[in-house]
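The primary structure of each chain is shown beneath.
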Amino acid sequence: MKHFQYAYSAIQYVHDPVTDERLNIGVLLHAPEVGFLGIEVERRIARLSAAFPGFDRATYTEVTQAIRAAARRVNRQPDMVGPRLGSSLSVTDICEFILPDQDMSYRFSPARGGIGMDPEQELAAIFNRLVRAYIQRPNHGDSDEEVWRSFSEPLRERRLTDYLQKKLVQSRDFEVEFDYGLKNEAWTVLQPLSFRIHSDRIQEKATKWLGNGVAINESGEIAKMHFLLGAPDGGAGRSAYIKAKNLLDRISVPHEFVEESDADSFADYIATFVGEHNVEMNPRLSLSRIDG
């Protein structure tokens, strides 16, 4: 594969325009020689919330989803910006089309360039260098609990965590406990799964849960499972992640995959579910309130 030139721009969140306090949250990369336009945006909203008091999660989700959608439209129809997706269309042109108002809290940095051989790998490397390197990882690493924090905050804001209960599913040869379940006539469970692990372990983790799913289905106790997913950062992990989701999709229990970037909309869904299905409040919380 021969080398090609590319240009890229960082997507920045400006928390305070007065002090110009900002953080890189994504990267847009354009490689016209190979017809590539790619974008990667930080999805771990919990980390941004920790970095900036008063951080608006809902607006962040809305804006970044709009940025990704606009980039996809440009990729499909470059004529909407200018000439075909070739050397005459610069990354600056694309950035100005996607975010015409650069005075907002979300901006593109001045364009920079480079030379590479694989545009996907270049995008992943630049994203890790400009974005992930400056977002501190917790000491325990990328665990399922870290993924849960991305989802629990919007649930807590809507006072929905009061309805979550532990659920133990067991048989003679099998036992698994879910930390986050919703109970009405049946059980709906929420299972966070981090796949920000070594690519060799991604399939192993998915296979384990495929086996769990067989036993859970035989128990007949779980009406639906929501897998709350923490996707890998990029590179080889992305391919393994897609295969892992295909494995999990073989689980017979009705299930749904939810990405971290959809945590707010998922919380809205759970709020509607609780309101419409007479979900029981966690009895421990109910008793503590009565006793208090």
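Figured I'd write up the structure that's included with this text. Just so it is clear, the model here is predicted, and its values are computed rather than measured. (Residues numbered from 1 in each chain as written. Predicted model: local features only at pLDDT ≥ 70, side-chain atom pairs only at ≥ 80, totals over all residues. Heavy atoms only, no water.)

### Digging into the sheet that holds strand 6 (residues 165–170)
Spatial ordering of the open sheet is given by 6-7-8-9-10, a layout of five strands whose pairing is mixed. The sheet is open, and its two edges are formed by strand 6 and strand 10 (255–259), each paired on a single side. Adjacent strand axes in the sheet meet at a mean angle of 35 degrees when their direction is disregarded. Sheet topology note: the strand 9 (residues 222–230)/strand 10 ladder contains five bridges and is parallel. Bridging across to strand 10, M225 finds its partner in H255. The sheet contacts of helix 8 (residues 263–276) involve strand 7 (175–183), strand 8 (187–194), strand 9 and strand 10, and relative to strand 9 the element is tilted by about 160 degrees. (Pairing = 2+ DSSP bridges. Helix = DSSP H or I, 4+ residues; strand = E, 2+ residues; numbered from the N terminus. Axes fitted to C-alpha atoms, helices over the stretch in contact; angles between N-to-C directions. Contact = heavy atoms within 4.5 Å.)

### Remarks on the packing of aromatic side chains
Taken as a whole and judged by the stated rule, the model has 14 aromatic pairs. With centroids separated by 3.7 Å and ring planes inclined at 15 degrees, the aromatic side chains of W148 and Y180 adopt a geometry described as stacked. Here W148 is found in helix 5 (residues 144–157), whereas its partner Y180 is found in strand 7, with 32 residues between them in sequence. In this pair, the class of W148 matches that of Y180, namely buried. Grouped by ring-pair contacts, the aromatic residues Y13, F55, Y60 and Y106 constitute a single cluster. Residue placement shows K205 over the ring face of F195; its charged tip is 5.8 Å from the ring centre. (Phe/Tyr/Trp six-rings, centres within 6.5 Å; stacked < 30°, edge-to-face > 60°. Buried < 20%, exposed > 50% of the residue type's maximum accessible area, 1.4 Å probe, protein only. Lys NZ or Arg CZ within 6 Å of the ring centre and 35° of its normal.)

### Focus: the pairing of strand 6
Moving residue by residue along a regular strand, the side chains alternate between the two faces of the sheet. Side chains Q165, K167 and V169 of strand 6 all project onto a buried face; the interleaved residues K166, L168 and Q170 project onto a face where none is buried. Note that strand 6 and strand 7 share five bridges and pair antiparallel. By the bridge assignment for strand 7, V169 is matched with V176.

### Considerations on the pattern of salt bridges
Enumeration over the complete set of coordinates arrives at eleven salt bridges. Among the salt bridges present, the one from D268 reaches R158, with a minimum N-O distance of 2.9 Å. Here D268, found in helix 8, pairs with R158, found in the loop between helix 5 and strand 6; they are 110 residues apart in sequence, far enough to count as distant. Put simply, K224 and E256 hold a salt bridge, and the shortest N to O gap is 4.0 Å. With K224 in strand 9 and E256 in strand 10, the pair connects residues that are 32 residues apart, well separated along the chain. With relative accessibility at 25%, the residue K224 sits in the partly exposed group. Connected via shared salt-bridge partners are R57, E153, E157, R158, D264 and D268. (Salt bridge = Lys/Arg side-chain N within 4 Å of Asp/Glu carboxyl O.)

### Regarding unusual backbone geometry
Even without glycine at this site, R159 takes up a positive phi of about 60 degrees. By the secondary structure assignment, R159 is in the loop between helix 5 and strand 6. Positive phi outside glycine occurs at N278, with the angle close to 50 degrees. Examined against the element boundaries, N278 turns out to sit in the loop between helix 8 and helix 9 (283–291). Taking the relative accessible area as the measure of exposure, N278 reaches 63% and is therefore exposed.

### Focus on empty space enclosed by the protein
Counted by the stated rule, this structure contains two cavities of 30 Å³ or more. There is about 70 Å³ of room inside the largest cavity. Lining the largest cavity, in full, are E40, V41, R43, R44, R132, R196, A231, P232, D233, R238 and E260. Here the lining of the largest cavity is composed, by residue class, of three nonpolar, no polar and eight charged. (1 Å grid on protein atoms, 1.4 Å probe; cavity = no way out; pocket = protein on both sides within 12 Å on 5 of 7 lines; lining within 4 Å. Points joined across faces, edges and corners; volume = space filled by probe spheres on them. Nonpolar A, V, L, I, M, F, W, Y, C, P; charged D, E, K, R; others polar.)

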